[in-house]
Every structure is written in C-alpha cells, then in structure tokens.
There are 2 protein chains.
Amino acid sequence: MSRRQIHLALHPYGVGGPGQHGLWKDPRVAKDASIDIRYYIDLAQAAEAALFDALFVVDSQFINATYPAHYLNRLEPLTLLSAVATHTTHLGLVATASSTYNSPFNLARRLASLDLISGGRAGWNVVTSFDTGTSRNYGLEEHLDYTTRYGRALEFVEVARGLWDSYEDDAFPADVERNLFLDPSRLHELNHVGEHFSVAGPLNISRSAQGQPVIFQAGVSEEGRAFAAEVAEGIYAPGGSLEQAQTYYRDIKRRTAAAGRNPDHIKIFIHGSPVVGATDDEARRREQEIFDEDNDFGRNLALLGRSFGAYDFSVHDLDAPFPDVAHLAERGGRTSATAIIERARRDNLTLRQVAESLGGFRRTPFVGAPDTVADAIETWFEAGTFDGINLAFRTREELDRFVDGVVPILRRRGLFRTEYTSDTLRGNLGLPVPVNRHAAAREGVDASRVAS
Amino acid sequence: MSRRQIHLALHPYGVGGPGQHGLWKDPRVAKDASIDIRYYIDLAQAAEAALFDALFVVDSQFINATYPAHYLNRLEPLTLLSAVATHTTHLGLVATASSTYNSPFNLARRLASLDLISGGRAGWNVVTSFDTGTSRNYGLEEHLDYTTRYGRALEFVEVARGLWDSYEDDAFPADVERNLFLDPSRLHELNHVGEHFSVAGPLNISRSAQGQPVIFQAGVSEEGRAFAAEVAEGIYAPGGSLEQAQTYYRDIKRRTAAAGRNPDHIKIFIHGSPVVGATDDEARRREQEIFDEDNDFGRNLALLGRSFGAYDFSVHDLDAPFPDVAHLAERGGRTSATAIIERARRDNLTLRQVAESLGGFRRTPFVGAPDTVADAIETWFEAGTFDGINLAFRTREELDRFVDGVVPILRRRGLFRTEYTSDTLRGNLGLPVPVNRHAAAREGVDASRVAS
Ligand SMILES: Cc1cc2nc3c(=O)[nH]c(=O)nc-3n(C[C@H](O)[C@H](O)[C@H](O)COP(=O)(O)O)c2cc1C
Ligand SMILES: Cc1cc2nc3c(=O)[nH]c(=O)nc-3n(C[C@H](O)[C@H](O)[C@H](O)COP(=O)(O)O)c2cc1C
C-alpha cells in the first residue's frame, strides 16, 4: 500500500456568533459548547478514533457585538489543547496564534509546553491576525502593515526555532554518581538581535519527541505565500474551485522548492465541509437547508465587513453601487477584499448584491452519498489540489456521518490510514524531525534548514 | 465547628537545577518529572484527595547553566494547569505569571480560559519577575525598576479585571425563538487608556463560576505590600521567624483595611516544608540529612547571586569582606539583597561566611512526629502568622507522611476541612465572587472594589 495518502484534520466550529454557525440552535449541542472543554475533548476523541491527523483550532482576538467572528466566546487555543492533550494519545494538536500580538519567548515556551504535555503532537498555525481590530487590544491604534507583519512573522519563527533548540537532547545526564543533573555544555543561549526582536535565551524547556512543534500557516497574499515557502510545514489553504486550488497548490510547491526545501515537507490542507446523506438527493437537500439557515442578510453584511476591518457596511445605501472602501482593506483582509472589489466593479454590483452573493462562498464540492463524497475527494486529491483536508462540520451528526460513511471508503481505496504509524504529529504527517542545530553543528551536519 | 480553619496549598518542586532540589537523585522520582504532566496530575490528585485548597505553581523565565532556578526545565504554568484541570474537580489551580513580561489581553484571556476549563478554580500569582535576566528574553537590556514594575502590575490587574467583566453573566440568552444567541447590551468594551496600557476590549471569553480568577501576589518590598493591599486576595508571603511572620501578617491586614477593603479577603500563605517522622528524633535526623544534601557551597554561592541579578560571586575572593554589590540589587531581589548586605556589614562577614549561612534559610519550624508538627502549625496559626501554608516537599513520601500523619490531627482539632464545601477556589478560600461591574452599575450596586 504505497499509495500517497490523504491527511485529515478536524476544525471544530464554535457555537454562536451573531447569526453565524447555527450550531447553537441544535438541541443536541450545549449552548455554551464553545467554552466547554468536554465538547472539545469529545470531538478530539472522535477524531482520534477515526485516525485523523490533528485537531486544528483557529483563533481571533477581536470581537464586537455585531461582528461574525467564528465564535464570540471561546477558550484560548493553547490552554484548550493542553487540556485535550491528556485525553488523547495520537492526535496532533494545532493551535493558531498570532505572531503580531505575542512575544517570541512567551509563545515559544507555551508551544513547547504543549508539545511536551502531548508527547510531541503540537503544531502552531502562525497567523499575522486577520482582524485588524486586534491592534487596539494591544495598544496599537492601527494594525501593522503587511510588510511589517510578515517580516515580524518570519523573524518570530526563526527566534522560536532557535529557542526550541536551547537544550540538546542529551542535556540531562542526571548522573547521580557524577552529581551531574545538567550537562552545561548542552544548554545554549540564542542571543538573537534582529529587526523586530532581541531575545537572549536560553528557553527553560527542552525538546519533545518530535523535536519541535510543526509550523503551519494560513494566508493567501503574496507575502503570506513567500512566508509559507520559507518556513511552513503545513498550510491552511484558501481552497476555492478545483482550478483555483490546483493553481495554489502548484504555486506553493514551486515556491518551496525554489526556497531550497523539499516540497513534500509542506503539507497543504484545504477547508472542507462535507455534507453526507444516505443518497445524493438527501445530502443536497441537507446542504440547501444549511445554506438557507446560514444565509442571513445581516450576517452576510457583517461577514463582508470582516475583510474590511470589521467595517459596518450598513451605513451605506444597499442599492447603490458597491462603495469605494479599498483603503479599509490595506492592513487586514487585503486578498479577499481585493477579490470582492474587483468582482463588484467587473459585474457592476450593488452592495446588496455583493452581500447576497457571500453565502455561496461556503458551498462545498463534497456533497452526496458516501461514495459520491469519496469520489469527489479522490478526484480533487488526484488533481493535485491538496495533501490534506481541514474538516469542519455544522453538527456532531455530520461528523459522524462522514467518519462512518466516507472514511471507510477512503481507507478501502488505500487513501487513508488504517492505523496510526506514529504517536507524534510529525510522524503522522510524514515530516522530518529537525536535528538540534547545536548537535548538528558539532557533528558537522547542515541543520540550517531544520524543517527540510 | 465554627473554628477558623487553615488553608493548605501544594507548591510542587521541580527536579534538578544545578545542585539544587536533590529530588532528581531520588530513585522513586522520574528524572524528567518537571516536564512530565503525569507527575503534576499525580501530585494534584494527591492534594485533592487530602482536600487541599490549591496547587500553587511558581515560575521564572530566566535560566542559565549555573543558575539555581527552581528548576531548569519546566512546563509553562497555564498550559500545565489546564492539563491538570480536567483530572481534578475541586482543587484550586494557581499559576504564577509576570505582569512585567506579558500583555494584559493575552494573559487575561489565558487565565479566563483556565478558569472556565477548571469550572472556576483558577488563581493568578502576580509577580513582577524576580529574575532580572528575564528582561533580555523580552528585548530589554535592563529589568524595569521597582516603581515602573509595580505601577505596571497594578494597572495590569485593573485591566485584566475590566476585561474579565466583558460579558455579563446573562449575556447569552441563546433564545432560538427570538433568534438571539448574544444579547449585545450585555457585552462591553473596556476602552482603557492608562500610563502603561491601552486596551479596547471586549475580551472574547465569558466569566466562570467564580466570576474572576483569584489574584495572588508574592513580593515583600514596600511596593509589593502596597500592591497587595490594593488588589491581592492571596499572598505567598516570605515567612521567616514567628515574630517576622506575625509582623508581616499584621502589616498586610492593616494596610488592606486602610485601603478600604475587608482584611479577611486577603489570605496570607507562608511557605512550609514540614518534615514528619515516626518520632521527633527521626524527623530531626531526616531534616538534617536534607539540609546537608542541599547545603552545597557552589549552590549557595549561586543562590546568593540570584538576589543580585544572577551575579557570579565566584569572581571575588571568598575570604575577603563581603563585596560592595548593593547596586546590583536595585532592580531585582532588593529586599533579600538588602537584608544580606546589612547582616554582612553588621557581623563583619566574609563572602564565604555569607554563602555558608544561606543553607540555614530553609530550616523549617514544622519538624517532628505528627503531633509535634500539628502543634507547631497550630501555635503559628493562633499567633496570627498565616491564613494558609504553601507546602513544598522534597519527595512524594514527605507529602504522604504529612497528609497521612498531620492532616488528620489538624482535622480532629477542627483546624482543617473534612470535606470541600465548594467546587470553586473562591468558595474554598472564603472569598466573595466579584459582581460584574456592568451589572452592578445598572443595579446601582457599588462594585468599584470588586474583590472586597
Ligand atoms: C483557511 C484560512 C484560515 C485562516 N485562519 C486564521 C485564523 O484562525 N486566525 C487569523 O487571525 N487569521 C486566519 N487566517 C488569515 C491569515 O492569517 C491572514 O491574516 C489573512 O489571510 C490575510 O492575509 P493574507 O492576505 O496573507 O491572506 C486564515 C486564512 C485562511 C486562508
Ligand atoms: C514566597 C515568595 C514566592 C515568590 N515566587 C515568585 C515566583 O514564582 N516568580 C517570580 O518571578 N518571583 C517570585 N517572587 C518574587 C517576587 O515576585 C518579587 O519579584 C521579589 O520578591 C522582589 O520584589 P520584592 O522586593 O517586592 O519582594 C516570590 C517572592 C516570595 C516572597
């Protein structure tokens, strides 16, 4: 069974957010599920029973009363995943955290801590913070611009990786006879001085079974892609149509190779919200129901605002041409905002038409009876659109239908694992364990590209 | 049983640190216990079985190869305690975190997350960071001075408390009929603009069963005491002799009352490392063994250096008078450093004599057969030296001897609980639940002093 296999991660939705994610209306889901650790433990255990690669927790640090953040009321990803860690044994645990609004020492330490608590299953989804309003929670009137944000992100990851190598793997002989707990020659300062950070080190925590947490990234701009090619080992990709996904996939693999890295060592995950039914018809009906329920005009208007810094579009005439708001997207959702503006201009759309069309963004190609969904997934996979899928389900039932119906088919076709072959995230993703840079230097190995 | 009762918390020691905490030499303790989450879960469950109030995790963000940090290789407190939370049900979980090297939004969020994960059992030990070298891990050449550090700490706690009240307790009607998940009138921005921070809010997480995490503090300087009187609900106090502890206790209670707060609403914990034996003699022999093992000259010299910013005293002539190093303590361990310098001057001590005398600092008044230890604890308690004890044990056996031998006696005397009367930390400590400030304002209640 040497067939290349698909990776699957679970992206848990929150419940609530004004008008969004009708999960809270589902009588089977607790209203406070998004702050209930048992909800996440339960989902994680279901994902692990299905042999998924990871639980992938997205994040935002900005809300307001009308803003459709994924969910309003949420646990912080690293505390959440640490609690989940001790109730799972093989599932990867990927935490989204901002390189714009954190300090490298502090965040590197928390990620390393999760990595040890989980026995080598931590991942970090590096985001530069989509929601521009976050800046005002951190003392900045304005969100940093793209160049600064991605420059900072790159240096942040370099510093974190340096800190994660503070202790070599043989740093603690704990030799009672020699009265030697630590071998001080195996503990290293970093003494990083860069454009954005000065960090002396060492970090006061050692490496895990997978060496270092896996670096993910989610960002579609030119800057985001360049950053991914440089340092990411996984991507939460934008998806889109099959052709768009293909183009993106090829672009990232090409850039990664051009950066001197092995393109197999960057795993591209697209978003997927499969809707599975007993028959294709039933599934399509269910998809339409979900679409109709979520397709609330107020919600769409607010969602539109998100790409423009939580801008309140309701101040404009809905039936006038789409307003001139390009300047609002400069620092936040520039990529999606630009696409919206260009389409509005090309097709001469009013604000109402733009907002109404937004619901359709979340149509999924993976709808139907189990075989149909498995076929679609296989087609997309073979077409070179992804290495993995980040799966999000509106209800627990949808997850179960996918796991019980589709996963066994993928497995029969040799497209998905029949058992975990590793108990680290790197192991299951097929990523190499980075050699400690100090050990490598001593042994003459080139570890300058630790992740390749 | 209306007798005033003692609170007990467990302060887990790490293993290792060069020459310090011989725990790593104990064949019953795993060498990597300080990064093994099972070690902490196991200790926490033992503490909970004994009906202790809390697990109290200290912290530092500075190490070097010769520096006796409590332990070199450690889990980050908030990820650690989140993992412990789901394996306990009543035990308080107190995380030490620095107000000097964190951002209020980020830290308030992580603490609130722990508070929800644990069902209302989180505490925050606010420190301004003892180890001056921490600054260089956060881009600062020098540790902030006392005034700035404590000014920042006070504003930090005020901002955190403001953020924790972002959602009123009835903010989520989740009313399907009215299609109303969030009641937007119950979500509040903070819009704090102060000397050290500008934070808009709201925080994207709601309050726990105990309203807000409990604020602890650990600092003995004038600035530290003023800060405690203003905002702390618990203190990890320096201890010392019975008379010193009495004086400190009276001082803090007086200051707290002078700040307009109820002095019962600040719980003073002293450090205690009881050594219990079958007989008084056996216990004293064991204490001497522990003392001798820990009383390593190199370790004492490094420990001395800790109060002077990890200063390396070995560059000085050991047999010359204690060197003039007062300036080194200005920003770090000023209180302990000043005491050391004054004693050296008064008694005309050499550097060697000062270092040798340091081992004695950790002598404990709680040594003997179970009855003897219980008597000593009762005497100290009745003398008004503490409300609680933060217990630290060199081995798991020492903890068990205390729990099995001394705790039942305290219980029989009505000095310690026979069952948990609450499942929140505030409930068990006898601290009031802070009313949400916005609810209070609407209802005309004065919540300006939320913690009193
Ligand atoms: C699939 C996907 C998931 C994302 N998840 C997050 C997230 O959880 N938190 C966040 O702040 N940004 C998230 N982002 C946003 C990116 O980090 C980035 O800020 C945004 O896409 C704008 O930058 P860009 O123009 O480079 O894409 C996500 C983006 C994509 C495409
Ligand atoms: C019993 C006790 C425990 C302490 N625990 C910590 C700790 O875990 N982390 C830390 O950085 N400082 C800790 N401190 C130090 C204080 O936060 C403070 O920085 C130090 O005492 C110097 O300030 P001061 O002169 O106000 O005491 C502790 C102090 C005491 C007395």
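These numbers come from a predicted model, not from an experiment.

Cut-offs used in this document
- Residues numbered from 1 in each chain as written.
- Chains lettered and ligands numbered in written order.
- Predicted model: local features only at pLDDT ≥ 70, side-chain atom pairs only at ≥ 80, totals over all residues.
- Heavy atoms only, no water.
- Domains from an automatic or database assignment.
- Buried area = accessible area lost by both parts, 1.4 Å probe.
- Salt bridge = Lys/Arg side-chain N within 4 Å of Asp/Glu carboxyl O.
- Helix = DSSP H or I, 4+ residues; strand = E, 2+ residues; numbered from the N terminus.
- Polar contact = N/O pair within 3.5 Å; in protein donor to acceptor, adjacent residues only side chain to side chain.
- Core = buried A, V, L, I, M, F, W, Y, C linked by side-chain atoms within 4.5 Å.
- Buried < 20%, exposed > 50% of the residue type's maximum accessible area, 1.4 Å probe, protein only.
- Contact = heavy atoms within 4.5 Å.
- Least-squares fit on C-alpha atoms with pLDDT ≥ 70 in both.
- Expected span 1.5 Å × (residues − 1).
- UniProt positions renumbered as here; feature names shortened; annotations may be inferred.
- Pairing = 2+ DSSP bridges.
- Axes fitted to C-alpha atoms, helices over the stretch in contact; angles between N-to-C directions.

## Focus: the domain arrangement of chain A
Reports often express the size of an interface as the amount of accessible area lost when the parts come together.
Residues and elements named next belong to chain A.
At step 1: Entries for chain A in the domain assignment read domain 1 (7-281 + 362-451) and domain 2 (296-358).
At step 2: Each of domain 1 and domain 2 has a C-alpha centre, and the two are 29 Å apart.
At step 3: Roughly 1,600 Å² of surface becomes buried between domain 1 and domain 2 when both sides are summed, with 51% attributable to carbon and sulfur atoms.
At step 4: Counting across the domain 1 and domain 2 interface gives two salt bridges.
At step 5: Glutamate 223 is the partner of arginine 334 in a salt bridge, and the nearest nitrogen-oxygen pair spans 2.6 Å.

## Side note on the side chain of B:His188
At step 1: Relative to the elements of secondary structure, B:His188 occurs in the loop between α4 (146-164) and β5 (192-193).
At step 2: Polar contacts involving the side chain of B:His188 include one to the side chain of B:Glu168, which spans 2.6 Å.

## Considering the nonpolar core
At step 1: Within the largest apolar cluster, 202 residues are counted, with the highest numbers of intra-cluster contacts made by A:Phe52, A:Trp124, A:Phe402, B:Phe52, B:Trp124 and B:Phe402.
At step 2: Residues contacting A:Trp124, with those up to four places away along its chain left out, are A:Val94, A:Ala95, A:Ala97, A:Leu107, A:Leu111, A:Phe156, A:Val157, A:Ala160, A:Trp164, A:Val214, A:Ile215 and A:Phe216.

## Some details on the relation of the copies chain A and chain B
At step 1: You can overlay chain A on chain B at an RMSD of 0.0 Å; the transform is a turn of 180 degrees with a shift of 0.0 Å along its axis. Such values leave the two copies arranged in the relation of a two-fold axis. Proximity to the rotation axis, assessed at the C-alpha, singles out A:Ala83 in chain A; its C-alpha lies 2.0 Å from the axis.
At step 2: Both copies contact each other with a shared surface, as 100% of the interface residues of chain A are interface residues in chain B too.

## So, helix α3 (residues 104-117) of chain B
At step 1: Its 14 residues give α3(B) an end-to-end C-alpha distance of 20 Å, which sits within 8% of 20 Å, the value for a rise of 1.5 Å per residue.
At step 2: In terms of residue burial, α3(B) counts as a mostly covered element, since 14 of its 14 residues are buried.

## Here we look at the UniProt feature "binding site: FMN" (unreviewed entry) in chain A
Residue and element names in this part refer to chain A.
At step 1: Within this numbering scheme, the UniProt entry marks Asp59, Thr96, Tyr150 and Ser221 as carrying the feature "binding site: FMN" (unreviewed entry).
At step 2: Structurally, threonine 96 can be placed in strand β3 (residues 92-98).
At step 3: The buried category is assigned to threonine 96, whose relative accessible area is 4%.
At step 4: Setting aside anything within four residues of it in sequence, one finds threonine 96 in contact with Phe56, Val57, Val58, Asp59, Pro77, Asn125 and Val127.
At step 5: In this structure the side chain of threonine 96 is engaged in a polar contact, spanning 2.7 Å, whose partner is the backbone oxygen of valine 57.
At step 6: Once residues within four sequence positions are removed from consideration, serine 221 is found in contact with Tyr146, Tyr150, Arg334 and Thr335.

## Considering the sheet that holds strand β9 (residues 267-272) of chain A
Residues and elements named next belong to chain A.
At step 1: Pairing is parallel in the closed barrel, where eight strands are placed in the order β1-β2-β3-β4-β7-β8-β9-β12. Neighbour-to-neighbour, the strand axes of this sheet turn through a mean angle of 30 degrees, independent of strand direction.
At step 2: Here strand β7 (residues 214-217) pairs with strand β8 (residues 234-237) via two bridges, running parallel. Paired with glutamine 217 across the bridge in β8 is isoleucine 235.

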